[in-house]
Amino acid sequence: MSNIVLETKKLTKYFNDPLRMQVLKEIDLQVDHGEFVSIVGKSGCGKSTLLYLLSTMDTDYEGQIYLDEELITGKTDKELAQMRNESIGFVFQFHYLLNEFNVLRNVMLPGLKLGKLSEEEIEQNAIEHLRTLDMHEHALKMPNQLSGGQKQRVAIARALINKPLIIMGDEPTGNLDKKNSDIVFDIFNQLTKEHNQTLLIVTHDPDFANRTHRIITMEDGKILS
Amino acid sequence: MNFKLVFSIAVHLMRSRLKQTVIAGVGVTFGIAMFITLVSFMYGMNDLLDGLIINRTPHVRLYNEIKPSENQPVNLAEKHKHDVNFIHSIKPKDRGKSIYNAKSIIQSLKQDQRVFDVAPKITTPVFFNSGTIEISGVANGIDVLIEEKLFSLNDYMVEGKIEDLRQNNSIVIGKGLSDKMLLKTGDIIKITTPRGNLASMKIVGIIQIGIADIDDITSYTSLTMAQKLLGAPKNYITDIQVKIHDIDLAPALAKEYKNKYNVDTIDFQTTNSQFETGTTIRSIISYAVGIVLLIVAGFGIYNILNMMIFEKMDSIAILKATGFSGNDVKWIFMILSMVIGICGGVLGLVFGFIFSNIIDVIPFNTAALPTVKTFPVNYNPLFYIIGITFALITTFIAGLFPALKASKVDPVEIIRGK
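The name that an unreviewed UniProt entry assigns to chain B is Lipoprotein-releasing system permease protein, with the source organism given as Flavobacterium terrae. Regarding chain B, the UniProt comment filed under Subcellular location (unreviewed entry) reads as follows: "Cell membrane". The record held by UniProt for chain B lists under Sequence similarities (unreviewed entry) the comment "Belongs to the ABC-4 integral membrane protein family. LolC/E subfamily."

Under an unreviewed UniProt entry, the name given to chain A is Lipoprotein-releasing system ATP-binding protein, and the source organism is Flavobacterium terrae. Per UniProt, the comment on chain A under Sequence similarities (unreviewed entry) is "Belongs to the ABC transporter superfamily. Macrolide exporter (TC 3.A.1.122) family."

1. Looking at the overall build of chain A
Across its full length, chain A carries seven helices and 10 strands. Taken over 225 residues, chain A has a buried fraction of 48%.

2. Let's talk about the packing of helix H1 (residues 3-16) of chain B against helix H13 (residues 326-361) of chain B
Any two packed helices are characterised by how steeply their axes cross, that is the angle between the axes, and by the distance between the axes. Residues and elements named next belong to chain B. Two elements in contact, H1 and H13, have axes whose closest approach is 9 Å; the angle formed by their N-to-C orientations is 60°. Between H1 and H13, the interaxial angle falls into the category oblique. Crossing handedness for the pair H1 and H13: right-handed. Contacts between H1 and H13 involve Val6, Phe7, Ile9, Ala10, Leu13 and Met14 from the first element and Asp328, Trp331, Ile332, Ile335, Leu336 and Val339 from the second. In the contact of H1 with H13, the residues fall into 11 nonpolar, no polar and one charged.

3. Re the confidence of the model for chain B
Confidence in the prediction for chain B averages 84 pLDDT; 98% of positions are at 70 or higher. Model confidence for the complex is summarised by a pTM of 0.69, with the ipTM given as 0.81.

4. Observations regarding the UniProt feature "transmembrane region" (unreviewed entry) in chain B
All names here are of chain B. Sequence positions flagged by UniProt for "transmembrane region" (unreviewed entry) are, in local numbering, residues 21-45, 284-310, 331-355 and 382-404. End-to-end, the C-alpha atoms of residues 331-355 are 34 Å apart, and along that stretch the chain is 100% helix and 0% strand. Secondary structure over residues 382-404 splits into 100% helix and 0% strand, and the C-alpha atoms at its two ends are 33 Å apart.

5. Looking at unusual backbone geometry
Residues and elements named next belong to chain B. For Asn101, which is not a glycine, the phi torsion comes out positive at approximately 65°. Take Asn101: it is sitting in the loop between helix H3 (73-76) and helix H4 (102-111). When the 15 C-beta atoms within 10 Å are taken as the criterion, Asn101 is described as partly exposed. Although it is not a glycine, Asn169 sits at a positive phi angle of roughly 60°.

6. Overview of the interface of chain B and chain A
Contact with chain B, which involves 21 residues of that partner, is made by 23 residues of chain A. Of all elements in the fold, only H1, helix H12 (313-321), H13 and helix H15 (411-417) of chain B reach the threshold of two or more residues within the side of chain B that touches chain A. A per-element tally of the side of chain B that touches chain A places H1 of chain B first, with five residues. Considered class by class, the residues forming the side of chain B that touches chain A number eight nonpolar, nine polar and four charged.

7. Examining helix H8 (residues 223-230) of chain B
Along an α-helix, residues three or four positions apart point the same way, because every turn accommodates 3.6 residues. All names here are of chain B. Burial in H8 covers these residues: Leu223, Met225, Ala226, Leu229 and Leu230. The arc enclosing the buried residues of H8, seen along the axis, measures out at 165°, which places them on a common side. Looking at the buried side of H8, the elements it contacts are strand S2 (115-130), strand S3 (133-142), strand S6 (188-192), strand S7 (198-207) and strand S8 (218-222). Note on H8: the residue one or two positions beyond its end, Gly231, has a positive phi of about 65°.

8. Things to note about the pairing of strand S1 (residues 4-15) of chain A
Looking along a regular strand, one sees the side chains alternate between the two faces of the sheet. All names here are of chain A. Sheet topology note: the S1/strand S2 (residues 21-32) ladder contains eight bridges and is antiparallel. Residue Glu7 lies in a different strand from S2, and its bridge partner there is Gln30. In textbook terms, the turn of a hairpin is the stretch between consecutive antiparallel strands, and for S1 and S2 this stretch comprises five residues. By the bridge criterion, five bridges tie S1 to strand S4 (residues 62-67) in an arrangement that is antiparallel. Within the sheet, the bridge partner assigned to Thr8 lies in S4 and is Ile65.

9. Quick word on the sheet that holds strand S6 (residues 88-91) of chain A
Read across the sheet, six strands follow the order S6-S7-S8-S3-S9-S10 (chain A) without closing on themselves; strand pairing throughout is mixed. Edge positions in the open sheet fall to S6 and strand S10 (222-223) of chain A, since each of these has one partner strand only.

10. Focus: the nonpolar core
If you look at the biggest cluster of nonpolar residues, it comprises 113 residues, and the most contacted ones within it are Val107 and Ala157 of chain A together with Ile332 and Phe333 of chain B. Here this core gets 11 residues from one element, more than from any other, and that element is helix H2 (residues 18-54) of chain B. With residues up to four places along the chain from it excluded, the contact list for Ala157 of chain A reads Val107, Ala126, His129, Leu130, Leu133 and Met135 of chain A. Counting 50 residues, the second largest nonpolar core, distinct from the first, contains Ile142, Ile203, Leu223 and Phe268 of chain B.

11. So, the sheet that holds S4 of chain A
A sheet is described by the order of its strands in space; here four strands give the open sequence S2-S1-S4-S5 (chain A), paired in antiparallel fashion. Every other strand in the sheet has two partners, leaving S2 and strand S5 (70-71) of chain A as the edge strands with one partner each.

Cut-offs and rules
Residues numbered from 1 in each chain as written. Chains lettered and ligands numbered in written order. Predicted model: local features only at pLDDT ≥ 70, side-chain atom pairs only at ≥ 80, totals over all residues. UniProt positions renumbered as here; feature names shortened; annotations may be inferred. Helix = DSSP H or I, 4+ residues; strand = E, 2+ residues; numbered from the N terminus. Buried ≥ 20, exposed ≤ 12 C-beta atoms within 10 Å, placed from the backbone. Axes fitted to C-alpha atoms, helices over the stretch in contact; angles between N-to-C directions. Parallel < 35°, antiparallel > 145°, perpendicular 65-115°, else oblique. Left-handed = near helix turned anticlockwise from the far one by under 90°. Contact = placed C-beta atoms within 7 Å. Nonpolar A, V, L, I, M, F, W, Y, C, P; charged D, E, K, R; others polar. pLDDT = per-residue confidence, 0-100. Arc of directions from axis to C-beta. Pairing = 2+ DSSP bridges. Core = buried A, V, L, I, M, F, W, Y, C linked by C-beta atoms within 7 Å.

Encoded structure:
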């Protein structure tokens, strides 16, 4: 079995509005299992765009993306949703928790959607994840009762609930102060070390990037290194 | 699709916007309640007004019409049979009003499976004498018990009972007649027949059908009394009134009886075509108003769901990002809409029933209808079925478009747009 979790072949993306503009230029990229990769680059270099293509949410591109050796280009909306649910965990800049649900329920939702475990087992796992992130005391609070750093930790717990192949982050520390950024980084670091979790994080924080295993620098829609 | 999960998300979304959800539901409730009330009341009214005529009219009437002979002698003559004959100044032939062989026709009609019951009747013009004045009117000789069974005359009796007619020499007169002649129950009335026979009869009751033209001239007596009055034999009957089980068959049966018994017949539909029209138009109006109310409620739901989707863009994006497909999101909002529709609709049925009950006890006294004391209401379960079905259809359509919109939300746009 190969070790490659995520691979792209000649990935090209255009924006059509207002002018046709090439944002990504034939990107070839490989992420191995257990790697902690960060993508850095200036604003507008296409790093977030790349991430959203990899996340399967944006399907308007040319080239191919392979997730766990499986071609995901051209799959239907439903199949992609299923893959996102099962294989990809997300952490966004603006935590994006569902305000209608409490913390525990937020963490459980992707698991319930997957439906492979019973509700009790999912709840058990969710509490376990919250505990490792030191958030179990807040399990029954509503998201609006939490600080930004706490919300981000809940979002990470949610990303972990289905034991995804890869966790993707779009500036997960962009909205946090130094202390909370460090906490989030430590969590990520611990995940790769202890659980061999693959991580792909877009960031513009050089401190954060420098501490990851591999840095992919992007400029003008191309990978520099 | 995990229905339980989708349902629970829908319920949570609803709870976070409880006020709007309730308002949307109230819109449906109001629409359905008004629809039920309106239709029940309209149909009650229809039944009442139709009853005025329908209950009083046989479905098929057999009688002898005064008309010229269809086969004039010249057409029968061997010599001129094949010529084209022009005859001027034909006069109608008096075949007598009596139906020939009435008793056996009645017997035969009663055997017919389609027939509910048959009532013989004698109609004759008479004069009611009050002092020196003569008032022209009509005397109906009826078989009291069958007539009551078919036309529920007791519902229209202001004083006395129709069964009292079984006493000898008794008569029931119309309310208009009794007012004009200052007669009341127990008084004696003098009657002259067209042939000059004079009779005194005791008034045992007063009837008010609600149509002044009829109440001013009509009177009822028993079949035998009418025969005596006219000096006619026991088999003298001028009308045979037939009520059938399925009123729609009336025209066909009328035609059949006409050929079978060689008498003139007329069916209910021909006599009362204008009432059919009135009924239909009233129903159309009530359905139209009810449906408009529901459509307005539908727009309310559409608006509120649209607003909700606008507010919940972030939530939709995150649901999609964590693995909910467009279809799941669509169902979340469809369920939301359907829950509003079902709750609002069922409550609407309950309120509709309550409002109908309230209308049912509001006093409604009219001179035309002595036995009706409150507004009429028709509690046909069909209205409730139509109401809830329409509520579900409206909310389904009202929810479908916002739900489709929500299912097409591009999570990337929302997440990047921040």
